[in-house]
Amino acid sequence: MSIHDDEILGKAYDSRLMRRLIRYLRPYWGRATLALVAIVAGVAVQLAQPVLVKRAIDDYIARGDLSGVTTIALLYLGTLVGAFVAEFVQTTTLQMVGQRIMYDMRREVYDHLQRLDLAYYDRNPVGRLMTRVTSDVDAINDLFTSGVVSVFGDVLSLAGIIGILIALDWRLALLTFCVLPLILLITQWFRSHVRESYREVRTWVSRLNAFLQENLTGMGTVQLFRREALAYGEFDRVNREHRDANLRSIYYYAVFYPAIELVGATSTALILWFGGGWVLAGTITIGTLVAFIQYAQRFFRPISDMSEKFNLLQAAMASSERLFGLLDTPVTITDPGSGFRVPGSAAGSAAPKPKAKAGGIVVDDVSFAYVPGTDVLKHVSFVVEPGQRIGIVGATGSGKSTLINLLLRFYDVSSGRITIDGTDIREVPLAELRSHFALVLQDVYLFSGTIAGNIRLGRADIPDARVREAAEAVHADPFIRELPQGYDTPVAERGATLSVGQKQLLSFARALAYDPQILVLDEATSSVDTETEILIRDALHVLMEGRTTIAIAHRLSTIQDMDRILVLHRGELRESGTHQELLAMRGIYHRLYELQYQSHGPAPSGGPATSPTIDPVMADEGA
Amino acid sequence: MLAALRRLLPYLGRYRRPILLGLSCAVASNLFTLLTPWLLKYAVDDLTTGVTRQKLALYALGTLAISAAGGVFRYAMRRQIIGASRHIEYDLRNDFFEQLQRFPREYFDRARTGDLMSRASSDLGAVRMMVGPAAMYAVSTGVLAIAATAMMISIHPRLTLLVVTGLPLVSLMVKFFGDAIHDRFQHIQAQLSEISAIAQEALAGVRVVRAYGQEDAERAKFLAANDEYVARNKRLIILQACFYPSMTFGFGLGIVAFLYLGGREVIAGRLTLGEFVAFNGYLGQLAWPLIAFGWVTNLIQRGLASWQRLLDIFDAAPSIVDAPDARPLGTPVRGDIRFRDLTFTYGGGPAVLRDIDLHVPAGSTLAIVGATGSGKSTLVHLLVRLYDPPASSVFIDGRDVREVPLQNLREAVAFVPQETFLFSTSLEENIAFGTRDAEGPARLERVRTAAAIARLDKDVTQFAEGYATRVGERGLTLSGGQKQRTAIARALMTDAPILVFDDALSAVDTYTEEEILTRLRAATADRTTIIVAHRISAVRHADQIIVLEGGHIVERGTHEQLAFAGGPYSDLVRQQQLEAELAVS
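Here the structure is a predicted model, which means the values were calculated and not measured. (Residues numbered from 1 in each chain as written. Chains lettered and ligands numbered in written order. Predicted model: local features only at pLDDT ≥ 70, side-chain atom pairs only at ≥ 80, totals over all residues.)

Asker: What am I meant to see in the overall build of chain A here?
Answerer: Along its length, chain A carries 20 helices and 10 strands. Each of the 623 residues in chain A was classed as buried or not, and the buried ones make up 41%. Here the analysis covers contacts within chain A between residues at least 6 apart in sequence; of these, 78% occur between residues at least 24 apart. (Helix = DSSP H or I, 4+ residues; strand = E, 2+ residues; numbered from the N terminus. Buried ≥ 20, exposed ≤ 12 C-beta atoms within 10 Å, placed from the backbone. Contact = placed C-beta atoms within 7 Å.)

Okay, here's the thing in structure tokens:
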């Protein structure tokens, strides 16, 4: 799960991305406008407050007009109420719009991920995809709810203050603006350093977390090999770097805030010195002077606020770049005719399956390459009659699993074609095609939910009785019954509490409950004890009954009694026939067989024992 | 609570100098802040009565000087206090990790990594916020609030009373809202991790989802979780929408009261205009402390709760520790192992092992077979004290393992566990994990030798970067067999006199298994070896084989003695031969 490519930050504003982001706002334009109005109103009433104080001093207090003071106080109260309402409206509408947009985006990203080819999943680790669905979408929410809006509010109040100051007294206003370049300079200095140190801190935080995660999970190993002191030393180093990165960042904050205050004080001093002189000369009133000092304080806040928003904008731009990159990835494996369908409207999984289909498969001159130029399958052809049981053997990398990927259209063939009952699989809607298959994988994947839910897998139309029946048929029923809540026992953390063999049996029950015409088995697991293995073998026979079966195996014992065995070698179909026929051929299969059984007790009578040689076929085993 | 706080004192004490210095700076800087409105008061009063340019210049310079001096103290305050809090965080985190290292395997079986991680990050962060920013703001705003109020009283006591009395309500409000917001925020975070979990499941299991046409069902789950997320956010949004404006509103009421009452006093001649302006300035300075009080209270509350959660870990006593009179094994360790009347239960449950009597002479090989759950793994776990055996039941070279220092015991035993854990470093580092050798050609040579015995060498030649290939979570994903062979090489590197393979060949195919075992026999001829296995092929050459059933030794002997004895072992042999002979049927 490389996170480094996710940390590259680009520019803070990109009009192309921004235009596309604004489109998400379209369904909510009414509420967005309301929020905008509320912001303008809020800025206006807040800016009116110092003006009111000035009027109170100059027009009424200085002249001894108490009723005027009362009016001002009431007006001030009015601005308070106004500010309250404006901010309430702004926050609620804006945040809710943000939530809606986030919802829309998550749905869009999720739907697209569900349609994307498996090739995309091969290139992108799940962790990275998760970042898209979670934190990238969050960053864009921040952009809508606080980023853009508060920058807008800041700009607005800045413009308002500038306007008011000029209206009050343009000379004093110019004097106040004198310090602006200083503010910008300090802010710029602060921003660049803080960004740098923030990035540094984040790097160490993630290293700290990664280290901890790894060492907590691997604590047993650390202890067994007495690496405690070394691990502690390493942890101390990362922890120390993390601390020092933080200590460095304190410096910038410690300098920034007092520096900004000092600039503020400079402008107050300027106002006092020059403005005071003008008061003495009678050109301005004391009320104006006091109002100026108050505004000068408010003047600097939006500027430093805006500088903090910069990072947020930058993060949001980077996130949207990545999100749009994902959304723009084309889907190549689609239903025939239609570009693609929204999963919600696709041929529903609960739809009745066309039982009439028999399950005959023809693989006709199929070649395939994951990466153009390096063919993983080369001109493979074979026919599977309905109900026939086929075993596929070959070393890792020989193309066995690829064949299954093509059958279920996880990938499309590079050349040649695959038909099921005479129809090219590219002409069948994906949902329908896959409903003909039940796939049993080497690593059994369990979903959160109950045991029954994992057998039924979202197909609510499979009744409890059928679930139980399926479990019984594959010998899963006894161990399920022994679980605390039987079939309703929740599956904890991907089935951590179940043994490998039990998980395998569950996946068989799942396949049986689906009752497909074609069963696809990818290498039954190897690390189970003999008793469980016998159970599994027996369950397999039940499962294969009356179904077209394609089984991939490393261990020959699992497929010896198949109707036909295909031997793949480096992407080519090299041998085909029954176990006996293949042994008699004395080719690749025979060598594989020799290698697997020569170490066991008596040599089987199937073929004369020859001296075992290390075969090239086995050399790339486990690559 | 006080007791818990006392536990924090040693950490604070280490940094008492910067903390005290920082707090003094906080007080000083705020005293300077108070001077500005005071100066303004004189300036305005002088302006109404007439003043010289020189005096104005003095006021202007005064403003600058006050801000500069205050700034210097504020700078020092932040660096000292926040700096100290980072040091304390560092110390706490180190101690936390060291404490976790003391816990036995049993602890990690029960604890969830995610939970421990959150204690190490967010709880520690909350404690730091309490000893750092919260302390800093509490002191500095406290001083400011008290002093500003005092200044206001000195200007006009009755006005102060009228204007200020209602303001602490703002603090109470901040506290109330802060609590409620925090609470709802937690709910939102929980829902977000729910969304993540659902998405993770659908993405990681994408093949199964598609093969079984589960897209719609998964989508419905995902959208339902998102709906709930929006709903929970809505509850927070409404709270937030009330919170910030009502704070400014509450405070604004004080200003309204002041405008009216203060204005009246000026008109009545009981207050100068300068005093009015200064009073207004002090009132403005109260705003932040009032908000900060509420905020600081929340920080302290959260910090205390988190500190309690950390103390839970610090106070948990590791159950497996060195005995006070522990003595290392004699050198050299011969590797003679004996189990004597060993009966073992996990935390008072049913007995997992019963009446185990067993002697493994130094240099010999013991194989343990039996069904899943028969106690095979437990037996070898007890040898290295992953769990603690009862006293006087497990011995190495005649010494009770409980009386041997853990460090020394585990040095004597190289253990290959069922599940291999690879660290995300190079393959070489992973294999050399148990050695103290410095990196270099000599070590790499030893790594190569160990990898060759474990039959990992051929695989490595196919990796682009050979032994420098990065593996583990953020590197190359090894197959189950490759992982196990790495673990075997790792164990071989240690030169420990005792080797234990806890079902460590299960993911390796039969052929490679045989190869490994043959090489191992040569390499470990003089070492005591214990092999836990399922397959006959892995155990047949052992000097002694025991069959476990329900925690009992039901059979013992050599392969030749047991294979045709008609007991459970010969059943196993028959079963596995049957498998092979299915070929000819």
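Asker: Is there a simple way to think about the overall build of chain B in this case?
Answerer: In terms of regular secondary structure, chain B is built from 20 helices and 10 strands. In terms of C-alpha radius of gyration, chain B reaches 36 Å, well past the compact-globule figure of 25 Å for 585 residues. C-alpha extents for chain B along the principal axes are approximately 120 × 60 × 50 Å. Among the 585 residues that make up chain B, the fraction classed as buried is 49%. (Rg over C-alpha atoms; globule rule 2.2 N^0.38 Å.)

Asker: Mind showing me how you'd approach the interface of chain A and chain B here?
Answerer: By convention, interface size is frequently given as the accessible area that disappears when the constituent parts associate. Facing 124 residues of chain A, the contacting portion of chain B comprises 126 residues. At 29 residues, helix α9 (residues 228-281) of chain A tops the list of elements feeding residues into the side of chain A that touches chain B. Residue classes in the side of chain A that touches chain B are distributed as 68 nonpolar, 42 polar and 14 charged. (Nonpolar A, V, L, I, M, F, W, Y, C, P; charged D, E, K, R; others polar.)

Asker: How do you make sense of the sheet that holds strand β9 (residues 564-569) of chain A when you look at a structure like this?
Answerer: All names here are of chain A. With mixed pairing, 6 strands are arranged side by side in an open sheet as β6-β7-β8-β3-β9-β10. Bordering the open sheet on either side are β6 (437-440) and β10 (572-577), each of which pairs with just one other strand. Ignoring strand direction, the axes of neighbouring strands in this sheet form an average angle of 15 degrees. Sitting on the sheet, helix α16 (residues 500-514) is in contact with β6 and β7 (518-522), with an inclination near 180 degrees to β6. (Pairing = 2+ DSSP bridges. Axes fitted to C-alpha atoms, helices over the stretch in contact; angles between N-to-C directions.)

Asker: What should I look at first to understand the environment of G550(B) in this one?
Answerer: All names here are of chain B. Looking at the element boundaries, G550 is found in the loop between β9 (544-549) and β10 (552-557). Classification of G550 by C-beta neighbours within 10 Å gives partly exposed; the count is 15. For the pair formed by G550 and F222, sequence separation is 328 residues and the distance between their alpha carbons is 44 Å.

Asker: Can you walk me through the pairing of strand β8 (residues 528-532) of chain B in this structure?
Answerer: The side chains of a regular strand alternate, residue by residue, between the two faces of the sheet. Residues and elements named next belong to chain B. Burial runs high along β8: 5 of the 5 residues are buried. Here β8 shows a buried face lined by T528, I530 and V532 and a second buried face lined by T529 and I531. Both strand β7 (residues 498-502) and β8 contribute to a ladder of 5 bridges, which runs parallel. By the bridge assignment for β8, V500 is matched with I530. Handedness of the crossover joining β7 and β8 through helix α17 (residues 510-523): right-handed. (Right-handed = clockwise from strand over helix to strand, strands pointing away.)

Asker: Hey, could you run me through the nonpolar core in this one?
Answerer: Most often, soluble globular proteins have nonpolar side chains that are buried together. Formed by 335 residues in total, the largest nonpolar core has its most connected members in F292(A), V474(A), A509(A), V520(A), L259(B), V413(B) and V500(B). If we ignore the near neighbours within four places in the chain, the residues touching V474(A) are L505(A), F508(A), A509(A), L512(A), A539(A), V542(A) and L543(A). (Core = buried A, V, L, I, M, F, W, Y, C linked by C-beta atoms within 7 Å.)

Asker: Help me understand the sheet that holds β9(B), please; the structure alone is not making it clear to me.
Answerer: The strands that make up a sheet are held in pairs by hydrogen bonds between backbone atoms, and each pair lies either parallel or antiparallel. Residues and elements named next belong to chain B. Spatially, β6-β7-β8-β3-β9-β10 is the arrangement adopted by the 6 strands of the open sheet, whose pairing is mixed. The open sheet has two edge strands with one neighbour each: β6 (413-416) and β10. Pairwise comparison of adjacent strand axes, ignoring direction, gives a mean angle of 15 degrees for this sheet. Pairing analysis gives 4 bridges linking β6 to β7, with the strands arranged parallel. The residue of β7 that forms the bridge with A414 is L499. Helix α16 (residues 480-492) rests against β6 and β7 of the sheet, and its axis sits at about 175 degrees to β6.

Asker: What should I look at first to understand the domain arrangement of chain A in this one?
Answerer: All names here are of chain A. Once the domains are mapped, chain A shows domain 1 (5-327), domain 2 (361-436 + 520-622) and domain 3 (450-515). Contacts between the two partners involve 11 residues from domain 2 and, on the opposite side, 10 residues from domain 3. For the side of domain 2 that touches domain 3, a count of residues per class yields 7 nonpolar, 3 polar and 1 charged. (Domains from an automatic or database assignment.)

Asker: What's the story with the confidence of the model for chain B in this structure? I'm lost.
Answerer: In low-pLDDT regions, the fine details of the predicted coordinates are not to be read closely. Chain-level statistics for chain B give a pLDDT mean of 86 and a share of 97% at 70 or above. Interface confidence in the predicted complex, given as ipTM, is 0.81; pTM for the same model is 0.74. (pLDDT = per-residue confidence, 0-100.)

Asker: Any chance you could explain the packing of helix α6 (residues 157-164) of chain B against helix α9 (residues 215-267) of chain B here in plain terms?
Answerer: Helix-helix packing: each pair is described by the crossing angle between the helix axes and the interaxial distance. Residue and element names in this part refer to chain B. Remark: α6 packs on α9, axes separated minimally by 9 Å, with the N-to-C direction vectors making an angle of 155 degrees. Here α9 runs roughly antiparallel to α6, going by the angle between their axes. The element α6 and its partner α9 pack so that their crossing is right-handed. Between α6, through L159, L162 and V163, and α9, the contact on the second element is made entirely by G254, A257, F258, L261, G262 and E265. (Parallel < 35°, antiparallel > 145°, perpendicular 65-115°, else oblique. Left-handed = near helix turned anticlockwise from the far one by under 90°.)

Asker: Explanation requested: unusual backbone geometry in the structure shown.
Answerer: Most peptide bonds take the trans form, and the phi angle of most residues other than glycine is negative. A cis amide bond links T331(B) to the next residue, P332(B), at an omega of -10 degrees. Tracing the backbone through its elements, the reader meets P332(B) in the loop between α10 (273-315) and β1 (337-345). Look at D365(A): it is not a glycine, yet its phi comes out positive at around 50 degrees. Turning to its location among the elements, D365(A) is positioned in strand β1 (residues 361-368). Despite not being glycine, R455(B) shows a phi value in the positive range, around 60 degrees.

Asker: Looking at this model, I keep getting lost on α9(A). Mind explaining?
Answerer: An α-helix turns once every 3.6 residues. As a result, residues three or four positions apart point the same way. All names here are of chain A. End to end, α9 covers 79 Å across 54 residues, agreeing with the expected 80 Å (1.5 Å per residue, within 8%). At G275, α9 is deflected by roughly 25 degrees, the largest bend along its length. Following α9 by one or two positions, G282 has its phi on the positive side, about 85 degrees. (Expected span 1.5 Å × (residues − 1). Bend = angle between axes of the 7 residues up to and from the residue.)

Asker: Explain the pairing of strand β3 (residues 365-370) of chain B to me, please; I cannot follow it from the model alone.
Answerer: All names here are of chain B. For β3, a buried count of 6 out of 6 residues is recorded, marking the element as mostly surrounded by other parts of the structure. Both faces of β3 are covered, namely the face carrying T365, A367 and V369 and the face carrying L366, I368 and G370. Pairing geometry for β3 and β8, over 4 bridges, is parallel. Each residue of the ladder has a partner; that of L366, found in β8, is I530.

Asker: Teacher, can you tell me more about the packing of helix α7 (residues 168-204) of chain B against α10(B) here?
Answerer: All names here are of chain B. One can describe the packing of α7 onto α10 by two numbers: an axis separation of 7 Å at closest approach and a directional angle of 40 degrees. Here α7 lies oblique to α10, going by the angle between them. Crossing of α7 over α10 shows right-handed handedness. Across from V170, S171, M173, V174, K175, G178, D179 and H182 in α7, the residues of α10 making contact are L290, I291, F293, G294, W295, T297 and N298. Taken together, the residues of the contact of α7 with α10 break down into 7 nonpolar, 6 polar and 2 charged.

Asker: What is the right way to read helix α11 (residues 400-407) of chain A from this model?
Answerer: All names here are of chain A. With 6 of 8 residues buried, α11 lies mostly within the body of the structure. For α11, the set of buried residues is K400, T402, L403, I404, L406 and L407. Once α11 finishes, R409 follows within two positions and takes phi at roughly 55 degrees, a positive value.

Asker: Looking at this model, I keep getting lost on the environment of L342(B). Mind explaining?
Answerer: All names here are of chain B. Its place among the elements puts L342 in strand β1. Looking at L342, the number of C-beta atoms within 10 Å reads 21, which means it is buried. Between the alpha carbons of L342 and L379 there is a distance of 9.2 Å; along the sequence they are 37 residues apart. If we ignore the near neighbours within four places in the chain, the residues touching L342 are L353, I356, P389, S393 and V394.

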